[in-house]
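# Structure assessment
Residue strings, one per chain:
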Amino acid sequence: MANESHSVQFAGGNLGGQRHICAFFNSTDEEHRVLHSFIKDGFDRGDKAFHLVNPELREEHLKRLAEAGINVQDAMDTGQLEVRPWQDAPLRGGRFDQEAWLESFEQVLQSGPAAGYAQTRFLAHMEWALVNLPGVEDLIEFETRVNYVVPKYDDIVICAYDLSKFGASVVMDAMRTHPVVIVGGLLQENPFFIPPDQFLLEIKERRPARRSAGTAN
Amino acid sequence: MANESHSVQFAGGNLGGQRHICAFFNSTDEEHRVLHSFIKDGFDRGDKAFHLVNPELREEHLKRLARAGINVQNAMDTGQLEVRPWQDAYLHGDHFDQNAMLALIEEVLQSADTAGYPLTRLVAHMEWALLDKPGVDNLVEYETRLNYVLPKYDDPVICTYDLSKFPASMVMDIMRTHPVVIIGGILQENPFFVPPDQFLLELRERRSVRKSAGMAN
């Protein structure tokens, strides 16, 4: 769990022990403005940065990191910065396999300290869930199950959702699966957070309702 | 402001002094399940019920009230229940005039008070904002300005949003303009609420950014 030396302030808030964060943005500009100190401070303190990005926007992402004052080439050479495109992570094999990705995700968190980094600052762009591939509909189940993994580590995990791309139902579910949320550029504890045991139950209850609704039609 | 005798409990929460509530639902079934006691208790206590509904769904709405155990015809005859279609409120004159609507809401709350009802319980279905009519893009500004009006009264006002119909960016703005929110069937104080002075400033800033972006192109 988080200790004093790993205290983290950004987006107008002070991060506590809960470190699975959902960040809602209306644009990439807003994202980089709000997360600037989260990213920059991490490099300055020698934390590992692991970013999960849209392959089509990878170059733009690197350019924005450079603009933020990060020596991107150097950080990638040393391994401090890893920017991985979706197809080498949640969408490996042309589909989303939540079991496989949960396992890989945990390995990523473990690999930071193993390599001597104090912490991993994990930033994931979540629009992979809008790509038309098998399994992406498990996004919310995956998000709630991440709450079994993240509390075992000090690492900070930010899932960034572009509000201009997602529907409101998915975004509300995404919000309910994160104990901390960034909305309007401000980091806050989330009173709407549902613990994973309970949320998994809710997901299970929704399914038969949909199925019997389907048979009724 | 709210006093002891006007206490209101529903959706797993106890309403405090802040009574401008935003309710997010995924279906009409969920809406009526979650708001059942809010509506039913109101009738039992002799409060006025003022509902703003989609004209196409007015009959269905009345049917659901009857199923919830409300004597609909009787309540409409006495004036305790008023179910007004959008075109006689938000969309009066076939456009949305936020000043006129703010005035109407205040008039409704005051006239019920004059008529001797202890409280007005207002439920507004907000999907009119998705219709292609002049002025509907002022929805968020209207919602934030309601926060100047409603604290003058004890009356709870619930704005309901169907998550399956609204885009996520709009829903996040809506969330930030209500001090109390119902998500996942649970009523909570909203830490993401932005007071109207500050939110109006944000809206103005967005407009000027958009305008200068427009000029640059």
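The structure under discussion appears in the preceding block.
Described in the following lines is the structure provided in the data block.

How each quantity is defined
Residues numbered from 1 in each chain as written. Chains lettered and ligands numbered in written order. Predicted model: local features only at pLDDT ≥ 70, side-chain atom pairs only at ≥ 80, totals over all residues. Heavy atoms only, no water. Helix = DSSP H or I, 4+ residues; strand = E, 2+ residues; numbered from the N terminus. Polar contact = N/O pair within 3.5 Å; in protein donor to acceptor, adjacent residues only side chain to side chain. Contact = heavy atoms within 4.5 Å. Phe/Tyr/Trp six-rings, centres within 6.5 Å; stacked < 30°, edge-to-face > 60°. Buried < 20%, exposed > 50% of the residue type's maximum accessible area, 1.4 Å probe, protein only. Lys NZ or Arg CZ within 6 Å of the ring centre and 35° of its normal. Pairing = 2+ DSSP bridges. Axes fitted to C-alpha atoms, helices over the stretch in contact; angles between N-to-C directions.

The next point concerns the side chain of B:Asn190. Tracing the backbone through its elements, the reader meets B:Asn190 in the loop between strand S9 (186-189) and helix H7 (196-216). A distance of 2.9 Å separates a polar atom in the side chain of B:Asn190 from the backbone nitrogen of B:Phe192. If near-sequence neighbours (up to four positions away) are discounted, B:Asn190 is found in contact with A:Phe192, B:Met175, B:His178, B:Pro179, B:Val180 and B:Val181.

Turning our attention to the packing of aromatic side chains. Across all of its chains, the model carries 16 aromatic pairs over all chains by this definition. On the numbers, 5.9 Å between centres and 45 degrees between planes, the contact of A:Phe24 with A:Tyr161 is tilted. Linking A:Phe24 in strand S3 (residues 20-25) with A:Tyr161 in strand S7 (residues 156-162), this pair joins segments that are 137 residues apart in sequence. By the burial criterion, A:Phe24 is buried, and A:Tyr161 matches it. Both rings, one in A:Phe96 and one in A:Trp128, keep their centres 4.5 Å apart while their planes meet at 45 degrees; by these two values the pair is tilted. You can see A:Phe96 sitting in the loop between strand S5 (81-85) and helix H4 (98-114) and its partner A:Trp128 sitting in the loop between strand S6 (120-125) and helix H5 (139-149), a full 32 residues away along the chain. A relative accessible area of 1% means that A:Trp128 is categorised as buried. Within the aromatic cluster, the residues linked to one another by ring pairs are A:Phe50, A:Trp101, A:Phe105 and A:Phe122. Against the face of A:Phe38 rests A:Arg121, its NZ or CZ located 5.2 Å from the ring centre. Over the ring of B:Phe38 we find B:Arg121, and its NZ or CZ is 5.1 Å from the ring centre.

The next subject is the sheet that holds S9(B). All names here are of chain B. Spatially, the seven strands line up as an open sheet ordered S5-S4-S6-S7-S3-S8-S9, and their pairing is mixed. What marks the edges here is a single partner per strand, and that holds for strand S5 (81-85) and S9. On average, each strand axis in the sheet is tilted by 20 degrees relative to the strand beside it, whichever way the strands run. Relative to strand S6 (residues 120-125), strand S4 (residues 48-53) is paired through five bridges, and the arrangement is parallel. When the sheet's bridge partners are listed, Phe50 is paired in S6 with Leu122. This element, helix H4 (residues 98-114), spans S4, S5 and S6 of the sheet and lies at about 150 degrees to S6.

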